[in-house]
Amino acid sequence: MHKPTHNTKAMKAQALFIQAVTLHQQGRLGEAQALYETLLKSNARHADALHLLGVIAAQTGQHQRAADLIAKAIAINPGNAGYYSNRGNALLALKQYEAAIGCYDQAIRIQPDFADAYGNRGNALQSLKQLDAAVASYDRAIRLKPDYVEAYSNRGNALQALKQYEAAIASYDQAIRIRPDHADAHHNRGNALHGFKQLEAAVVSYSNALKIKPDYDYLFGLLLNTRMWVCDWTGYEEQIAGLKARIERGMKCSSCFTVLTLTDSPAIQRKAAEIWVADKHPAKDVLGSIPKRARSPKIRIGYYSADFHNHATTFLMAGLLEMHDRSRFELIGFSFGPDRQDEMRQRVCAAFDRFIDVRDKNDSEVAQLSRSWNVDIAVDLKGFTEDSRNSVFSYRAAPVQVSYLGYPGTVGASYMEYLVADRTLVPERSRQHYSEKIVYLPGSYQVNDRKRRISERIYTRAEVGLPEQGFVFCCFNNNYKITPVMFDSWVRILNAVPGSVLWLFEDNAIAATNLRKEAEQRGLDTKRLVFAKRMELSEHLA
């Protein structure tokens, strides 16, 4: 009886490996995994088997296992660019962005024309808010691979974050030309068009994305909200019913901020918030618990916002910050918004004992910094509004975390202990629909600044387009907050009060045109709607 030669063993191992790869390519991951593991039992240093076992781990959501397995493959064969690239992808999924970039850089050093490594490197840079560097990485990927759809789409996202909307739209257009059914490109193109105030075009892009992928996360509500921005109420009741039904089933159909504008059901609002938080900002324990510390002479409060400049939140908040009792409280401002050095920026900087610009830090780093400053109470002024960073609080920035002012709805998160409100905002009967404990302020929860400047200009009715006679009803809310039922009520009131007019804010010309059409359909003379353009705050107050 002859013993198998080394050559025979190698041939059998190679055949087994080819079989495993074939199963892997067919999507039969469990069977492929079993064969890779069999190979490794006879040869623990089979680098390709280790690598592809790691790829399967990544494909099944086991990203740490993937990173560890591929690291072993790299230790055996450090000259394979694909190993580094796939380990970078696993680290990217783990949000270890700097480490991921290190892997992509090594892959590129080994293989300078590695387009995918450049593309994914751009994704990691974008996650670190290094947007210009991300665009440069995508550009290099596209030069190497001119039909690289994902690079065009992701490049559009980076340009959009830089508020370069026209360039972003052009990038999405190129992605769509290459692959017309690329749902992400259509969706993100809609976002850029929305930011560029081309709202009707945004509706078209969102609709295209939804046709391609009917269950696209959070798009159903976004499309409905965008139609509300232009006061397009076609099929409104049916759409709202569909939204509620999807949320009740636990579907990721709408951001919770959008839901707040579309339904007044607190139960639906809470459910939407819980779905959003569980998906986007779940509680994270990687920083560990905050140890108890000795009592300090002062309670240290951190305020966190992107709006410490000439912004509605700061116009309300500035006086409050200045009026804290400094014998009992110390204030730290954590700013992750633009440093515009305008009037309100300078005022709030002076109001804080310490003001820290954290734009260049990720959410975990902001939470860690907050802990290092021994913040006792973290106050989130953003909630789910634009440029919010809820994950800072998911890492636990302070022993006590509070939601205030910017977003008066529930955030549906276990790590946010309190919401500051009043009994008009959150009646006692509604408390069950808030995950937070409610801190009730007397009167109104909404602080205001007594130092607000009001222009001395005295306007005439004619200057703002109002008739010389007649009662003026006003609503200066954004147009997307106007619902058909509300508008029905307004028209009934106007018809009951001869000579009266309704003075509305005009966010965009399409909304004004559609509201005039809605008025006409209800039998109201469209001349009784008067639209106000946006103006300087001091002039508006005058």
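That block above? That's the structure.
Scope of this entry: the structure provided in the associated data block. Keep in mind the model is a prediction, meaning the values are calculated, not measured. Residue positions are given per chain, counted from 1 along the sequence in the order it is written. Selection of residues for local features in this predicted model requires a pLDDT of at least 70, selection of side-chain atom pairs for listing and counting requires 80 or more, and totals for whole chains, interfaces and linings are taken over all residues. Computation of side-chain values: all heavy atoms of the structure, hydrogens and water removed.

Things to note about the overall build of the protein chain
- Where helices and strands are cited, they refer to DSSP runs of H or I of at least four residues and of E of at least two residues respectively, numbered from the N terminus. Within the protein chain, the regular secondary structure consists of 23 helices and ten strands.
- Projecting the C-alpha coordinates of the protein chain onto the three principal axes gives extents of approximately 110 × 60 × 45 Å.
- Going through the 542 residues of the protein chain one by one, you find that 47% of them count as buried.
- A fraction of 59% describes how many contacts in the protein chain between residues 6 or more apart in sequence connect residues 24 or more apart.
- As used throughout, the charge tally considers Lys and Arg to be positive and Asp and Glu to be negative, leaving His and the chain termini uncounted. To locate a charge, take atom NZ for lysine, CZ for arginine, CG for aspartate or CD for glutamate. Averaged over its 69 positive side-chain charges, the protein chain has a centre that lies 5 Å from the centre of its 59 negative ones. Working definition: with a 1.4 Å probe on protein chains only, accessible area under 20% of the residue-type maximum means buried, over 50% means exposed, and in between means partly exposed. Residues count as neighbours in contact if any of their non-hydrogen atoms are within 4.5 Å of one another.

Some points on the packing of helix H9 (residues 149-161) against helix H11 (residues 183-195)
- Note on geometry: axes are lines fitted to C-alpha atoms, helical ones only across the stretch in contact, with angles between N-to-C directions running from 0 to 180 degrees. At a minimum axis distance of 10 Å, the contact between H9 and H11 shows a crossing angle of 15°. Classified by the angle their axes make, H9 and H11 are roughly parallel. Crossing angle aside, the handedness with which H9 passes H11 is left-handed. Here H9 contributes Ser 153, Asn 157 and Gln 160 to the contact with H11, which in turn contributes Asp 184, Ala 185, Asn 188, Asn 191 and Ala 192.
- In the scheme used here, Gly and all other residues not listed as nonpolar or charged are polar, with Ala, Val, Leu, Ile, Met, Phe, Trp, Tyr, Cys and Pro taken as nonpolar and Asp, Glu, Lys and Arg as charged. Here the contact of H9 with H11 is built from residues that sort into two nonpolar, five polar and one charged. Orientation labels follow simple angle bins: below 35 degrees gives roughly parallel, above 145 gives roughly antiparallel, 65 to 115 gives roughly perpendicular, and whatever is left gives oblique. By the definition used in this description, the sense in which the near helix is turned from the far one sets the handedness, with an anticlockwise turn below a right angle giving left-handed and a clockwise turn giving right-handed.

Examining the sheet that holds strand S9 (residues 501-505)
- Taken together, the three strands give an open sheet; going across it, the order is S8-S9-S10, and neighbouring strands pair in parallel fashion. Each edge of the open sheet carries a strand with a single partner, namely strand S8 (472-475) and strand S10 (529-532). Taking each pair of neighbouring strands and ignoring which way they run, the sheet shows an average axis angle of 25°.
- Strand pairing is assigned whenever DSSP detects at least two bridges linking the two strands. Of the pairings in the sheet, the one linking S9 to S10 comprises four bridges and is parallel in character. Residue pairing for S10: Leu 504 is matched across the bridge by Phe 531.
- Strand contacts of helix H21 (residues 484-496): S8, S9 and S10, with the helix running at about 145° to S9, the strand carrying the most contacts.

Things to note about the packing of helix H5 (residues 81-93) against helix H7 (residues 115-127)
- Two elements in contact, H5 and H7, have axes whose closest approach is 10 Å; the angle formed by their N-to-C orientations is 20°. Judged by the inter-axis angle, H5 sits roughly parallel to H7. You can see that H5 and H7 cross each other, and the crossing is left-handed. Each of Ser 85, Asn 89 and Leu 92 in H5 lies in contact with H7, whose residues at this interface are Ala 117, Asn 120, Asn 123 and Ala 124.
- Across the contact of H5 with H7, the residue classes tally to three nonpolar, four polar and no charged.

Describing the environment of Ala 278
- You can see Ala 278 is positioned in helix H16 (residues 266-280).
- Sequence spacing of Ala 278 and Gly 412 is 134 residues, and the spatial spacing of their C-alpha atoms is 8.8 Å.

Remarks on helix H3 (residues 47-59)
- Here the expected span of a helix is defined as 1.5 Å times the quantity of residues minus one. In a regular helix each residue adds 1.5 Å, so 13 residues correspond to 18 Å; H3 covers 18 Å between its end C-alpha atoms and thus fits that length.
- The buried count for H3 comes to ten of 13 residues, which makes it a mostly enclosed element.
- Count one or two residues on from H3 and you reach Gly 61, which has phi positive near 80°.

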